[in-house]
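One letter stands for each residue in the lines below.
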Amino acid sequence: MIDTLIFVFSQPFMQRALVGGIVICLCAALLGVSLVLKRYSMIGDGLSHVGFGAVVVASALNFAPVAVAIPVVVAAAFLLLRLGENSTVKADAAVALVSTGSLAIGVVASSLSSGMNQDFNSYMFGTILGLSESDVWLSIFISVPVLVMFLLFYNKIFAVTFDEAFCEATGVKAKLYNGLVAVLTALIIVLGMRLMGALLISSLVIFPSLTAMRVCATFKGVVICSGIVSVVCFLFGIVASVLFDLPTGASIVIANIIVFVIFFCVGKLVKR
Amino acid sequence: MSLIKAENVCLGYDGENVVENLFFTVEKGDYLCVIGENGSGKSTLIKALTGLKKINSGTITFGDGLSKNQIGYLPQQTPSQKDFPASVYEVVLSGCLGRKNIFGVYSRRDRRQALDNMAILGVSDLKNKCYRTLSGGQQQRVLLARALCATKTLLLLDEPVTGLDPVATSEMYELLYHLNRDHKITVIMVSHDVNASLKYASHILHMKKDEVYFGDKQSYLSTEWARVFLGDGEKND
């Protein structure tokens, strides 16, 4: 078994998967803390469907998928955040509308253009083991700035996540930092789609922070723990998928579920 | 010069006025209670004072060098805050951010101030406790300590005792009175609790749908407004 693992992990495709996967998991986990605490978990899910729609339409029209998806998803992120503020359409309903709508557009677009089934599958379920070298560089070019921004604005992001009204009233520009989190999330979701697929990327955003919140009592603790959990689950998932020949994206999510259950039980025990 | 001077202020939503022709002044060291029925625009007024909401017309002038990032605000709690994983210290410290640059790095002075304010509000021993495990009264004290990090002059409070039990409620009022009297912090508070308001306030702003009364407590108590409102209050109790 060890030999198999050593062999597999020495392959270039696996090393690319590890590098790309770890940086994106880390970013998704950190941003996820803020999103989950603001009750915006579903926005991550909605955005991944928007990303899916955008990517499929773009490739049907022979545009570069990622270059089209990033601006579209950023715009959708702002739209969903705004809808959350003024409640003519309730925020959760708005997310459902946008998400199912883009999914439908994506499916129709893919059926109109021939020979897209392979792509369709890869955007739905991810192709982490098939990352090209340029994919890896793209992940690093986007993830590292996202990480740096998150750390630079950490205190402000905490304050805005905890209490927007107080921030606005005391002169912290809450809307600016909300917008920042929205843009960073959109970037990571588009990237993460390549790895995990549209269906699974939102679990990368949501699971680690929810897991960390079971046991950590400080915001800093949650952020750090969430990052570690995310990377560890990614590694476990990918190892399991190699050993037992399972789909990688889904294995990573299942690793996250298992760790969540463990942390949930530990949290309950500690409280008692 | 007055700390706050509101002249001919109209407030409301989507251009429709809920409150019209509001005049009042707040001097340094005042304790102003804003009372009135639901929907009379009390919370809207607090939001206008914090700049969260634009006023439809009129002017609000801040004097004595009071600027926007010197206002301490205690908003109503949101549901997501009730189970927020953050330590008390993290929450209190975040009150200092208003006067920081865009990155918001805390200085030693900020940390000192956060600890001092926690001491004033008697939450020092909760420093490393998780915010979500605190009782409602403790949570409000923590938020008040945070508000004090943002101001040395003026506190704006929106229904600070909502959801608190009677003991925590009276402790909260005593604390506010103490801050007002001993730390010379001006207090503007929206409250449903008319009796407590009248006990501690120096001035009253009573808002109704189309009229407003503003004056010091003694003159308010002798008005028809007070008789009707307080009479109603007793009947409701």
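What you are looking at is a predicted structure, and each value in this text was computed from that prediction instead of being measured.

Rules of the game
Residues numbered from 1 in each chain as written. Chains lettered and ligands numbered in written order. Predicted model: local features only at pLDDT ≥ 70, side-chain atom pairs only at ≥ 80, totals over all residues. Heavy atoms only, no water. Helix = DSSP H or I, 4+ residues; strand = E, 2+ residues; numbered from the N terminus. Rg over C-alpha atoms; globule rule 2.2 N^0.38 Å. Buried < 20%, exposed > 50% of the residue type's maximum accessible area, 1.4 Å probe, protein only. Contact = heavy atoms within 4.5 Å. Areas by Shrake-Rupley, 256 points an atom, 1.4 Å probe, with all protein chains shown as cover. Lys, Arg positive; Asp, Glu negative; His and termini not counted. Charge placed at Lys NZ, Arg CZ, Asp CG, Glu CD. Axes fitted to C-alpha atoms, helices over the stretch in contact; angles between N-to-C directions. Parallel < 35°, antiparallel > 145°, perpendicular 65-115°, else oblique. Left-handed = near helix turned anticlockwise from the far one by under 90°. Nonpolar A, V, L, I, M, F, W, Y, C, P; charged D, E, K, R; others polar. Buried area = accessible area lost by both parts, 1.4 Å probe. Salt bridge = Lys/Arg side-chain N within 4 Å of Asp/Glu carboxyl O. Domains from an automatic or database assignment. Pairing = 2+ DSSP bridges.

Asks: Please explain the overall build of chain B as it appears in this structure.
Replies: In terms of regular secondary structure, chain B is built from eight helices and nine strands. Computed over C-alpha atoms, the radius of gyration of chain B comes to 18 Å, within 12% of the 18 Å expected from 2.2 N^0.38 for 237 residues, which places it in the range of a compact globule. Dimensions of chain B, computed from C-alpha atoms along their principal axes, come out at roughly 50 × 40 × 35 Å. Across the 237 residues of chain B, 53% fall into the buried class. Long-range pairs, those at least 24 residues apart, make up 66% of the contacts in chain B between residues at least 6 apart in sequence. Surface exposure of chain B reaches about 10800 Å², of which carbon and sulfur atoms provide 49%. Here chain B holds 28 positive side-chain charges and 27 negative ones, and the gap between their average locations is 10 Å.

Asks: I tried to follow the packing of helix 12 (residues 219-244) of chain A against helix 13 (residues 248-271) of chain A on my own but got confused; where do I start?
Replies: The axes of two packed helices give the description: the angle between them and the distance between them. Residue and element names in this part refer to chain A. The N-to-C vectors of helix 12 and helix 13 enclose an angle of 130°; their axes lie 7 Å apart at closest approach. Relative to helix 13, the element helix 12 is oriented oblique. Here the hand of the crossing between helix 12 and helix 13 comes out right-handed. Touching Cys225, Val229, Cys233, Phe234, Phe236, Gly237, Ile238 and Ser241 of helix 12 are Thr248, Ser251, Ile252, Ala255, Asn256, Val259 and Phe263, all from helix 13. For the contact of helix 12 with helix 13, the class distribution of residues is ten nonpolar, five polar and no charged.

Asks: Is there a simple way to think about the interface of chain B and chain A in this case?
Replies: How big an interface is tends to be expressed through the accessible area that disappears when the partners come together. Across the boundary between the two partners, chain B contributes 35 residues, which contact 27 residues of chain A. Here chain B packs against chain A, burying approximately 2600 Å² in sum over the two surfaces, 63% of which is carbon and sulfur. For chain B, the biggest contributors to the area lost against chain A are Phe84, Pro85 and Phe103 of chain B; these three give 22% of the whole. Counting every contact that joins chain B to chain A gives two salt bridges.

Asks: How do you make sense of the domain arrangement of chain B when you look at a structure like this?
Replies: Residues and elements named next belong to chain B. Segmentation of chain B into domains returns domain 1 (1-66 + 155-214) and domain 2 (82-152). Placing a centre on the C-alpha atoms of domain 1 and another on those of domain 2 gives a separation of 23 Å. Each partner contributes to the interface: domain 1 provides 13 residues, whereas domain 2 provides eleven residues. Between domain 1 and domain 2, the buried area comes to about 970 Å², and carbon and sulfur atoms account for 78% of it. Counting the contacts that link domain 1 with domain 2 gives one salt bridge. In this structure, Arg141 engages Glu171 in a salt bridge whose closest nitrogen and oxygen atoms are separated by 3.2 Å. Looking at the side of domain 1 that touches domain 2, the elements that each hand over two or more residues are strand 6 (154-158) and helix 5 (166-182). In terms of residue count, the dominant contributor to the side of domain 1 that touches domain 2 is helix 5 (six residues). For the side of domain 1 that touches domain 2, a count of residues per class yields ten nonpolar, one polar and two charged.

Asks: What is the right way to read the environment of Leu103 of chain A from this model?
Replies: Among the structural elements, Leu103 of chain A can be located in helix 5 (residues 91-112). The spacing of Leu103 of chain A and Gly197 of chain A is 94 residues in sequence and 13 Å in space, taken between C-alpha atoms.

Asks: Help me understand the sheet that holds strand 9 (residues 212-216) of chain B in this model?
Replies: Across a sheet, strands are paired by hydrogen bonds formed along the backbone, either parallel or antiparallel in direction. All names here are of chain B. Reading across the sheet, the six strands line up as 5-6-7-3-8-9 and stay open at both edges, with mixed pairing between neighbours. Both edges of this open sheet fall to strand 5 (71-74) and strand 9, since each of them pairs with a single strand only. Between one strand axis and the next, the sheet turns through 15° on average, direction left out of account. Bridge count for strand 8 (residues 203-207) against strand 9 is five bridges, and the pairing is antiparallel. Looking at the pairing, Leu205 lines up with Phe214 of strand 9. Those strands touched by helix 1 (residues 42-50) are strand 3 (31-36), strand 5, strand 6, strand 7 (186-190) and strand 8, and its axis lies near 145° from that of strand 6. Docked against the sheet, helix 4 (residues 136-150) engages strand 5 and strand 6, running at close to 165° with respect to strand 5.

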